[in-house]
Amino acid sequence: MIRIVGQASQMDGGSPTWTLTGICKSASRTGTGTYTITCDKNYTKVVVLISAERGGVGTERVVADWSGNILTIKNYTGHTSTTLGDCWLTVTFIENLPDKQTTLLK
């Protein structure tokens, strides 16, 4: 079973206004494509899903670094020359919970 424990999203790469939920306490963009999301504490067992899109053209992948309670998503140019600096961005933090039925069987 999984549970979403936080999400940070913005829909305007030029002047982002962030929507933050759960563990996400602040978010910002610096330069032309480095995003920083600060969580309320250091999480060691979460899955982070990053979705970056620009005008219907999806980016292939991004470079991310998790240090302490801060996730930094760095500029990446995909095969379509789409930079992260122009993207709509959604970052979702998911906690993996043990399945109660599986736990009972052990």
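Heads up: the structure comes first, above all this text.
Quantities reported herein were computed from a predicted structural model and do not represent experimental measurements. (Residues numbered from 1 in each chain as written. Predicted model: local features only at pLDDT ≥ 70, side-chain atom pairs only at ≥ 80, totals over all residues. Heavy atoms only, no water.)

Undergrad: Help me out: how do you make sense of the overall build of the protein chain in this one?
TA: If you tally the helices and strands in the protein chain, you get one helix and nine strands. In the protein chain, which comprises 106 residues, the share counted as buried stands at 29%. Across the protein chain, the fraction of contacts at a sequence separation of at least 24, relative to all contacts at a separation of at least 6, is 56%. Carbon together with sulfur atoms contributes 52% to the accessible area of the protein chain, which is approximately 6500 Å² in total. (Helix = DSSP H or I, 4+ residues; strand = E, 2+ residues; numbered from the N terminus. Buried < 20%, exposed > 50% of the residue type's maximum accessible area, 1.4 Å probe, protein only. Contact = heavy atoms within 4.5 Å. Areas by Shrake-Rupley, 256 points an atom, 1.4 Å probe, with all protein chains shown as cover.)

Undergrad: Can you help me understand the environment of aspartate 65 in this one?
TA: The residue aspartate 65 is located in strand S7 (residues 63–67) in this model. Under the relative-accessibility criterion, aspartate 65 is labelled partly exposed at 38%. C-alpha separation for the pair aspartate 65 and threonine 36, spaced 29 residues apart in sequence, amounts to 9.6 Å. Not counting the four nearest positions on each side in its chain, aspartate 65 is found in contact with Ile70, Leu71 and Thr72.

Undergrad: So what exactly am I meant to see when it comes to the pattern of salt bridges here?
TA: Note that side chains of opposite charge can pair when their charged atoms are close. One pass over the full model with this rule turns up one salt bridge. Notably, a salt bridge pairs arginine 3 with glutamate 95, separated by 2.2 Å at the nearest N-O pair. Placement of arginine 3 in strand S1 (residues 2–10) and of glutamate 95 in strand S9 (residues 88–96) is noted, with a sequence separation of 92 residues between them. Taking the relative accessible area as the measure of exposure, arginine 3 reaches 43% and is therefore partly exposed. (Salt bridge = Lys/Arg side-chain N within 4 Å of Asp/Glu carboxyl O.)

Undergrad: Even after reading the chapter, I still don't get the environment of threonine 90, so can you show me in this structure?
TA: Assignment of secondary structure puts threonine 90 in strand S9. As for threonine 90 and tryptophan 18, which are separated by 72 residues in sequence, their C-alpha atoms are 9.5 Å apart. If we skip the residues at most four places from it in the chain, threonine 90 touches Gln7, Ala8, Ser9, Leu49, Ile50 and Ser51.

Undergrad: Honestly, the pairing of strand S4 (residues 34–39) in this entry has me stumped. Any pointers?
TA: The two faces of a sheet get side chains in turn, since along a regular strand they alternate between them. Only one face of S4 is buried: it carries Tyr35, Ile37 and Cys39, and the other face, with Thr34, Thr36 and Thr38, is open. Relative to S4, strand S3 (residues 24–30) runs antiparallel, the two sharing six bridges. When the sheet's bridge partners are listed, arginine 29 is paired in S4 with tyrosine 35. Summarising the sheet, S4 and strand S8 (residues 70–74) pair through four bridges and their orientation is antiparallel. Its bridge partner lying in S8, threonine 38 is registered against isoleucine 70. (Pairing = 2+ DSSP bridges.)

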